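Now for the letters of each chain:
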Amino acid sequence: MPDAISIPSTSARPIPATFHVSTHPAVAHKLALLRDTSTEPKKFRELVREISWLLGYEALADARTKPISVETPLETTPGAELADRIGLIPILRAGLGMVDAMLELMPTAEVWHLGLFRDERTLRPVEYYNKLPDTATVDLCLILDPMLATGGSATAAIEVLKNWGARRIKLINLIAAPEGVHAVADAHPDVEMYCAALDRQLNEKGYILPGLGDAGDRQFGTSHR
Ligand code: PRP
Ligand code: URA
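Just so it is clear, the model here is predicted, and its values are computed rather than measured.

Participant: Can you help me understand the sheet that holds strand β13 (residues 197-198) in this one?
Facilitator: Hydrogen bonds along the backbone pair up the strands of a sheet, which may run parallel or antiparallel. In space, the 3 strands of this open sheet follow the order β9-β11-β13, with parallel pairing throughout. The open sheet has two edge strands, β9 (147-148) and β13, and neither has a second partner. Bridging between β9 and strand β11 (residues 175-176) involves 2 bridges; their strand directions are parallel. Its bridge partner being in β11, Leu148 is matched across the sheet by Ala176.

Spelled out as structure tokens, the structure:
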């Protein structure tokens, strides 16, 4: 049997420079609604989508472009076209709700699903779905998962992508705990993290405080399971 959960205390450590929290007022406003326990799944899904779009916009600020020429109705002008092949990697289940927003931003992105769930006793990630092709097909991978708690799922997903051949990886979460931020930064100091809030800590069951509860259950209406 694996060891039962042990959550390291990280409160004294400085937050790494690879971690970015949005300061946009629209993100703060929507996040407060998302956290609210009275927010129903339909509204919750809308908010996940809206915040994801705003975070994706910030995370993609350094995506590479190449110059093109554009014919306006009046004259020819220089323009830009995305040069990076972008891969979206939603972590099932909860990351699914972030995909549509990111595809609105980057319509040509490829979507590669990864299935991971946390074992509720050990909090270690268990992989149950992975259909990545043999070699990497994209230049920049964006991992999509609303919650960064212990960091076990994110770290495992990054390892899968690096083994696949991915060179540039960014992690997009809605809410992060310090424990997860440090776990990712320690294991993968090259991975930039973007999120809407850095919360206080994990509770003894590995849930983020104050958090929003279980992001998958709240999106898909399965809180009673
Ligand atoms: C949640 C969340 C992350 C993971 C975060 O998924 O969506 O994937 O927990 O926790 P960690 O940082 O401690 O690994 P969950 O395992 O609840 O699966 P679900 O999305 O299917 O509900
Ligand atoms: N997964 C969630 O959905 N919520 C948490 O607070 C931690 C992990």
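Let's pick the thread back up.
Participant: Can you walk me through the site of ligand 2 in this structure?
Facilitator: Close contacts around ligand 2 come from Arg118, Met147, Ala149, Gly206, Tyr207, Ile208, Gly213, Asp214 and Ala215, and that covers them all. Here Ile208 contributes a backbone N or O atom positioned 2.8 Å from an oxygen atom of ligand 2. Here an oxygen atom of ligand 2 sits 2.8 Å away from a polar atom, N or O, in the main chain of Ala215. For the shell around ligand 2, the class distribution of residues is 5 nonpolar, 2 polar and 2 charged.

Participant: How should the packing of helix α1 (residues 25-35) against helix α2 (residues 41-59) be read in this particular structure?
Facilitator: A packed helix pair is summarised by two numbers, namely the angle formed by the two axes and the spacing between the axes. Contact geometry for α1 and α2: axes closest at 10 Å, N-to-C directions at 155°. In terms of orientation, α1 lies roughly antiparallel with respect to α2. The handedness of the crossing between α1 and α2 is left-handed. Packed against α1, whose contacting residues are Ala26, Val27, Lys30, Leu31, Leu33 and Leu34, the element α2 presents Phe44, Leu47, Val48, Glu50, Ile51 and Leu54 at the interface.

Participant: Help me understand the side chain of Asp84 in this model?
Facilitator: As for its position among the elements, Asp84 is in the loop between β3 (76-82) and β4 (86-92). Only 2.9 Å separates the side chain of Asp84 from the backbone nitrogen of Arg64, close enough to count as a polar contact. Side chain to side chain, Asp84 and Arg168 meet in a polar contact 2.9 Å long. Not counting chain neighbours up to four residues away, the residues in contact with Asp84 comprise Ala63, Arg64, Asp139, Leu140 and Arg168.

Participant: What's the story with the packing of aromatic side chains in this structure? I'm lost.
Facilitator: The description of an aromatic ring pair rests on the distance of the ring centres and on the angle between the ring planes. Taken as a whole and judged by the stated rule, the model has 3 aromatic pairs. Ring centres of Trp53 and Tyr57 lie 5.7 Å apart, and the angle between their planes is 10°; on these two criteria the pair is classed as stacked. In this pair, Trp53 and Tyr57 both sit in helix α2, 4 residues apart, roughly one turn of the helix. Take Trp53: its relative accessible area is 32%, and that puts it in the partly exposed class. Residue Tyr57 is classed as exposed on the basis of its relative accessible area, which comes to 56%. Ring centres of Trp112 and Trp164 lie 6.2 Å apart, and the angle between their planes is 65°; on these two criteria the pair is classed as edge-to-face. Pair noted here: Trp112 is in the loop between β5 (110-111) and β6 (114-118) and Trp164 is in helix α4 (residues 152-164), with a separation of 52 residues, a long-range link. For Trp164, a relative accessible area of 7% translates into the label buried. The aromatic ring of Tyr207 is capped on one face by Arg118, whose charged end is 5.6 Å from the ring centroid.

Participant: How do you make sense of the nonpolar core when you look at a structure like this?
Facilitator: It is characteristic of soluble globular proteins that their nonpolar side chains tend to be buried jointly. Leu34, Leu60 and Leu142 are the most contacted members of the largest nonpolar core, which totals 37 residues. The set of elements that each furnish at least two residues to this core consists of α1, α2, β4, α3 (99-105) and β8 (140-144). Per-element accounting of this core gives the leading share, 7 residues, to α2. In contact with Leu60, other than residues within four places in its own chain, are Ile86, Met102, Leu105, Met106, Leu140 and Leu142. Core analysis: the next-biggest nonpolar cluster, separate from the first, contains 26 residues, Ile89, Ile158, Leu161 and Cys195 among them.

Participant: Honestly, the site of ligand 1 in this entry has me stumped. Any pointers?
Facilitator: Around ligand 1, 15 residues are found, and the nearest of them are Arg118, Asp145, Thr150, Gly151 and Ser153. Here an oxygen atom of ligand 1 sits 2.7 Å away from a polar atom, N or O, in the side chain of Arg118. Separating an oxygen atom of ligand 1 from a side-chain N or O atom of Ser153 is a distance of 2.6 Å. When residues of the shell around ligand 1 are traced back to their parent elements, those giving at least two are β6, β9 and α4.

Parameters at a glance
- Residues numbered from 1 in each chain as written.
- Chains lettered and ligands numbered in written order.
- Predicted model: local features only at pLDDT ≥ 70, side-chain atom pairs only at ≥ 80, totals over all residues.
- Heavy atoms only, no water.
- Pairing = 2+ DSSP bridges.
- Helix = DSSP H or I, 4+ residues; strand = E, 2+ residues; numbered from the N terminus.
- Near = heavy atom within 4 Å.
- Polar contact = N/O pair within 3.5 Å; in protein donor to acceptor, adjacent residues only side chain to side chain.
- Nonpolar A, V, L, I, M, F, W, Y, C, P; charged D, E, K, R; others polar.
- Axes fitted to C-alpha atoms, helices over the stretch in contact; angles between N-to-C directions.
- Parallel < 35°, antiparallel > 145°, perpendicular 65-115°, else oblique.
- Left-handed = near helix turned anticlockwise from the far one by under 90°.
- Contact = heavy atoms within 4.5 Å.
- Phe/Tyr/Trp six-rings, centres within 6.5 Å; stacked < 30°, edge-to-face > 60°.
- Buried < 20%, exposed > 50% of the residue type's maximum accessible area, 1.4 Å probe, protein only.
- Lys NZ or Arg CZ within 6 Å of the ring centre and 35° of its normal.
- Core = buried A, V, L, I, M, F, W, Y, C linked by side-chain atoms within 4.5 Å.

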